[in-house]
Amino acid sequence: MDCLGHVEWLKDYCPNKMVSAEQAVSRIKRGSRVFIGTGCGEPQHLIRALVSDLNLQDIVVYQMLSGTLAKYVEDQSFTSRFSLKLFFISEYMRKAAFEGKVDYIPAYLSQIPSLFSSQRIGLDVALIQVSPPDRFGYCSLGVSVDITRVGMENSKLVIAQVNPKMPRTWGDSFVHVDQIECLVLHDEPLWSYVPSPRESAIEQRIGHYISQLVPNGATLQIGFGQLPYAILKYLDGKKDLGIHTQLITDGFLPLFEKKVITNKKKTLLPGRAVASLCMGTEKIYNYVNNNPMFYFRNSEFVNDPAVIARNDNLISISSALEVDLTGQVCTDSLGYLFFSGIGDQVDFIRGSAMSKGGFSIIALPSTAKDGKVSRIVPSLSEGAGVATTRGDINFVVTEYGIAELQGKSIYQRVMELAQIAHPKFREELIEVAKKRHYIFADQLPPHEDDLIFLEGYKTAMQLQDGTVVEFRPLMPSDEFAYRNFFYSLKEDTIYYRFFYYKKLFSHETVQKHWASVDYRKNMSLVGITSMGGRKEIIAIASYAQGEEEADRAEVALVVREDYQNLGIGSHLLEQLENIARENGYKGFVASVLRENTGMIHVFKKRYADAKVLRGEGGDVFIVMDFDAGDAQS
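Residues numbered from 1 in each chain as written. Predicted model: local features only at pLDDT ≥ 70, side-chain atom pairs only at ≥ 80, totals over all residues. Heavy atoms only, no water.

Asker: A description of the pattern of salt bridges should follow, citing residues and the corresponding values.
Answerer: Applying the stated criterion across every chain yields a total of 26 salt bridges. For Lys 95, the salt bridge identified is with Glu 74, shortest N-O distance 3.4 Å. Separated by 21 residues along the polypeptide, Lys 95 in helix α5 (residues 94-98) and Glu 74 in the loop between β2 (59-63) and α4 (76-79) bring together distant segments of the chain. Residue classification places Lys 95 among the partly exposed residues on the basis of a relative accessible area of 47%. Residue Glu 74 is classed as partly exposed on the basis of its relative accessible area, which comes to 47%. In this structure, the salt-bridge partner of Arg 552 is Glu 549, at a minimum N-O distance of 3.5 Å. Residue Arg 552 is classed as buried on the basis of its relative accessible area of 12%. (Salt bridge = Lys/Arg side-chain N within 4 Å of Asp/Glu carboxyl O. Helix = DSSP H or I, 4+ residues; strand = E, 2+ residues; numbered from the N terminus. Buried < 20%, exposed > 50% of the residue type's maximum accessible area, 1.4 Å probe, protein only.)

Asker: I'd like a description of the sheet that holds strand β17 (residues 322-324), backed by residues and values.
Answerer: Overall, mixed pairing links the 3 strands, which are arranged β18-β17-β24 in an open sheet. Strands with a single pairing partner mark the edges of an open sheet, and in this sheet they are β18 (329-330) and β24 (376-377). (Pairing = 2+ DSSP bridges.)

Asker: Can you lay out the sheet that holds strand β16 (residues 314-319) for me, pointing to particular residues and giving the numbers?
Answerer: Within the open sheet, the 6 strands sit side by side as β11-β10-β16-β21-β25-β26. Their pairing is mixed. In the strand order of this sheet, the two ends are held by β11 (242-243) and β26 (401-404), each with one partner. Relative to β11, strand β10 (residues 219-222) runs parallel, the two sharing 2 bridges. Bridge assignment links Thr 219 to a residue of β11, and that residue is Gly 242. Sitting on the sheet, helix α14 (residues 345-354) touches β10, β16 and β21 (359-363), and the angle it makes with β16 is about 150°. Its contacts with the sheet place helix α15 (residues 410-420) against β25 (395-398) and β26, and it is angled at close to 165° to β26. (Contact = heavy atoms within 4.5 Å. Axes fitted to C-alpha atoms, helices over the stretch in contact; angles between N-to-C directions.)

Asker: Give a detailed account of the pairing of strand β30 (residues 534-545), specifying residues and quantitative values.
Answerer: Here strand β29 (residues 523-531) pairs with β30 via 9 bridges, running antiparallel. Its bridge partner being in β30, Val 526 is matched across the sheet by Ile 540.

Asker: Which residues make up a nonpolar patch on the surface, and what values go with them?
Answerer: The grouping of Phe 98, Leu 334 and Leu 337 at the surface amounts to a nonpolar patch, some 240 Å² of accessible area in total. On the basis of relative accessible area, Phe 98 is assigned to the partly exposed category, the value being 33%. (Patch = residues over 30% accessible without salt bridge, like charges linked within 9 Å, V, L, I, M, F, W, Y side chains within 5 Å. Areas by Shrake-Rupley, 256 points an atom, 1.4 Å probe, with all protein chains shown as cover.)

Asker: Lay out the environment of Met 64 with the relevant residues and their values.
Answerer: Here Met 64 shows up in the loop between β2 and α4. Residue contacts for Met 64: discarding those within four places in its chain leaves Thr 38, Phe 87, Phe 88, Leu 109, Ile 112, Asp 146 and Ile 147.

Asker: Quick rundown of the pairing of strand β34 (residues 619-625)? Include the residues and the values.
Answerer: Here β34 lies mainly inside the structure; 5 of its 7 residues are buried. As defined by bridge partners, strand β32 (residues 587-593) adjoins β34 across 7 bridges and the pair is classed as antiparallel. By the bridge assignment, Val 589 is partnered in β34 with Val 623. Sheet analysis places strand β33 (residues 611-614) next to β34, joined by 4 bridges and oriented antiparallel.

Take a look at the structure:
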């Protein structure tokens, strides 16, 4: 049907339903409960008519994301006639919320539809926006299916703005004109949503860390807000990503256009990008228009954790205002002031936890208020709401790294989170944790340096059986994994490493080790394998500044028995040399037991001209020059 054909069709099929906006809203009774469509799909023309009708009094408005009404909340004549109840507080409504001019309804997005269908929240009128009908009389809810469909279905009077600029989207978006009492034809641009561009080093670093966590073929959910929107561009090197998310924005467009998102690997609705809402500019609206790749469903389906879990490798990425040291997350309030909403975060975090291979990521800058306030906090601010519990949280990412919390104790969580807090707040966080007996009384804080340069020291190798071993610097949060590694070794392996049968690897021993690591003159690398989400250390290699020669470091390494003779020791030695060179060293020395022929072989293999000197007891002293190693290679 052409751009004007729908008008003639409507005049022929249902002429009595075609009315002006003023005529339509005049049918609304005083005291009515009015639902308004969501976000960029809201019927702006109808909202203006609603506000302009001074006969309307004591109207209760329910909406998910409100934009147009923000223009009126400072007007006392408006607030005296309308009561606004919002499930999510947009940036446009934030000031009004702080001043008590809107009423916030905390609810999981997946459960809002049932609030309407069960009549727990009764509705009298729905104001929606639809595309023009096709030749069969079906309009599309377009960019706003979310809670709009169920809001419409549970209202006694449905008034629709028919807008040719509303895209026709595929999925469960179609509404027949028979389901609508009043049709108001009005052509106007959809409301645009574009988060304020603020490219920053913080976003780049967070995007870098998130990219490390997201594998090829994963299915993504991207939460609402500036940061999740911004980090999408850092995933452009991935392959065959899928989408199952509440919201589609312009941020996805480059990934669609570059075929990074193909939806091929999805286990639920393969080939389709599942969503319930679209907010952005005309560019994304044109892209979703009549595009069969998109499958729009209501929030009861898209946000249902059981449905989400049917996607294998579902990764939920969302943001937060604060995270406390035990893992509690606040997303909807600044203290007592309501800032946003629960939205879809909890639904997707729980759905991702049930997904085979899935997990969740909370991403946030380490500080707020120009660096004056830490977002990693000892406890949530007074009045702050717990949106995500400490039992639900998995990964937390700031510009200082990745904290993995799932299955970790409070002690481990404190160390993980303090490690990714801004350096100037780390000591304070550790001191508060000590007072609360979360950690050992002698616990040292993580280094106060910005350790972003350690990213360059991360490597990986694939073994012949396909196992991937990742190598990275030892961190304070590795204490338990470090202890488990040494306790997993056979007695002879420990004897070869320490020259005696060391029995205990206590907190004091482990802390002394990582505390001595400055990542320059003293360095430790660990080799890590992953199996079913469980990571374990299988090798450790270290160098430390020598006592006699400042330009020569003492080196030692140990590999778990079931990973020996696979090239891991040689790889670690090579990486340690690269780092040592950067920090001014010219060679290594090592003390090795004479019977530890395997370790002697590792050293001689890389440094064929190494000097092997007899020690006083049963050990040998090996002197290795880097330049000699270069000449040999």
